[in-house]
Amino acid sequence: MRDLRLDFFRGLALWFIFVDHIPGNQIAWVTMRNFGLSDATEVFVFISGYTSSLVYARILEQHGWRFAAAKVLDRCWTLYIAYLFLFIAFTAQVAYTARVFDNPLFTEEMGIAGFFADPAVSLVQALALKFRPANLDILPLYIVLLLSLPVVLPVLRRWPLVLLAGSVTLYAAARLLDWNLPTYPDGGVWFFNPFAWQLLFVLGATMQRLPEVAAALTTRRTALLWLAGGYLFASLLLVISWQIAPMAALMPVWLAEILYPISKTDLDLLRLAHFCALAYVVLQIARFDSAWLRWPALAPVILCGRQSLQVFCLGIFLSFAGQTVLNHWSASLFAQFSVTLAGIAVMVAAARVLTWYQSVGRRPRQPASTPPAAPAAPLAPAAKAPAKDPSA
């Protein structure tokens, strides 16, 4: 049976990413980034690791390593083509909008000004995943993490805890030695450091391979629940202090020196701890057999989660379109609500169409009715034909 939690939380993360990518949108106050130190990116990467293990470890067991590696590379190629299409289409969208509204700041804000300064070099760098407009950082991260799967898949299958220990070691080394991948123009680094974010991906994969460990870690314990809840509350107060100056003034200097900077690029330990605490609390409510996951009102979120790649790409276009509407027509609260609601409605509609199309494509053919054959003379026993499978 399909685990609806994966689709639900992935779909919810996609909605949050869309809303958060619209600057000045007050509706973004309902997304998780305003209530703690982690956000939808952590959810997306963890679930990606979990589902990757779920799918490709099974292929490895059934068909061997070569076929599993080929399937992973095929998926990476699909993601790469999707990224290139998204890059070209998004760059064209921003450039056209900047020209129509005579607002060159759009190209600066969305990080594509360098493309027009040297299109040939920028395009080559984009092919190498080094030149990226704003909001397109998640797909390259996912591609790189998935590319590593054929190498780690045998280790994940046999020694998942050894793989997790190696992942922790790589995370620590990346943090201590400032490892990251370069971007274009020169001098920049990946916004999501793959050497750090791989830990969350591997953690998700490990929890899928060790369901008994995952069950033990998420078993309800009163003391652990209070500890996780206390950390979430402290994180909430910290995030609120970024918006309210008097609360920020209450922060002791020595404590601020310890806490800051809370790097999203390098997946700061405080962010990782917040995600783990949040996951522990949420999993007390979201069990595999939770009836509320089958509520009709949640079906649109689950649909978007099942069509995550297409919905993510669509959300990138819609978020910039929403930004354009708010900047050049109206930035009222009603306009923000309308833009947000319209964007989510388009994402849900696209997910419905894709789901319908895929279900029709998988629909089995009905056997054609054939007229009864004329009686024939019986075959000799030595020449008797073998019986056919009626389902063939």
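Right, let's walk through the structure included here. All of these numbers come straight from a predicted model, not from anything done at the bench. (Residues numbered from 1 in each chain as written. Predicted model: local features only at pLDDT ≥ 70, side-chain atom pairs only at ≥ 80, totals over all residues. Heavy atoms only, no water.)

## Some remarks on helix α8 (residues 149-158)
An α-helix turns once per 3.6 residues; consequently, residues spaced three or four apart project the same way. What α8 keeps buried is the set Leu149, Pro150, Leu153 and Leu156. Taken around the axis of α8, the buried residues stretch over an arc of 105°, which confines them to a single face. Facing away from the buried side of α8, by more than 90 degrees, are the exposed residues Val151 and Arg158. Among the structural elements, α2 (40-63), α3 (65-100), α7 (138-147), α9 (160-177) and α10 (194-209) are those in contact with the buried residues of α8. (Buried < 20%, exposed > 50% of the residue type's maximum accessible area, 1.4 Å probe, protein only. Helix = DSSP H or I, 4+ residues; strand = E, 2+ residues; numbered from the N terminus. Arc of directions from axis to C-beta. Contact = heavy atoms within 4.5 Å.)

## Considerations on empty space enclosed by the protein
Tallied over the entire structure, the rule returns one cavity of 30 Å³ or more. Estimates place the volume of the largest cavity at around 50 Å³. Looking at the largest cavity, the residues that line it are Leu14, Ile17, Phe18, His21, Val311, Phe312, Gly315, Ile316 and Met347. Secondary structure elements with two or more residues in the lining of the largest cavity: α1 (4-20) and α17 (308-328). Ranked by residue count, the leading element in the lining of the largest cavity is α17, at four residues. Its residues placed into classes, the lining of the largest cavity shows seven nonpolar, two polar and no charged. (1 Å grid on protein atoms, 1.4 Å probe; cavity = no way out; pocket = protein on both sides within 12 Å on 5 of 7 lines; lining within 4 Å. Points joined across faces, edges and corners; volume = space filled by probe spheres on them. Nonpolar A, V, L, I, M, F, W, Y, C, P; charged D, E, K, R; others polar.)

## Focus: unusual backbone geometry
Of note, the amide linkage connecting Tyr184 to Pro185 takes the cis form, showing an omega dihedral of 0°. Relative to the helices and strands, Pro185 is located in the loop between β1 (182-183) and β2 (188-189). Residue Pro261 follows Tyr260 across a cis peptide bond; omega there is 0°. The residue Asn135 is not glycine, and still its phi comes out positive at about 75°. Examined against the element boundaries, Asn135 turns out to sit in the loop between α6 (119-127) and α7. Of note in the backbone geometry, Asp178 takes a positive phi value of approximately 60° without being a glycine. Inspection of the secondary structure assignment puts Asp178 in the loop between α9 and β1. Judged by its relative accessible area of 64%, Asp178 falls in the exposed class.

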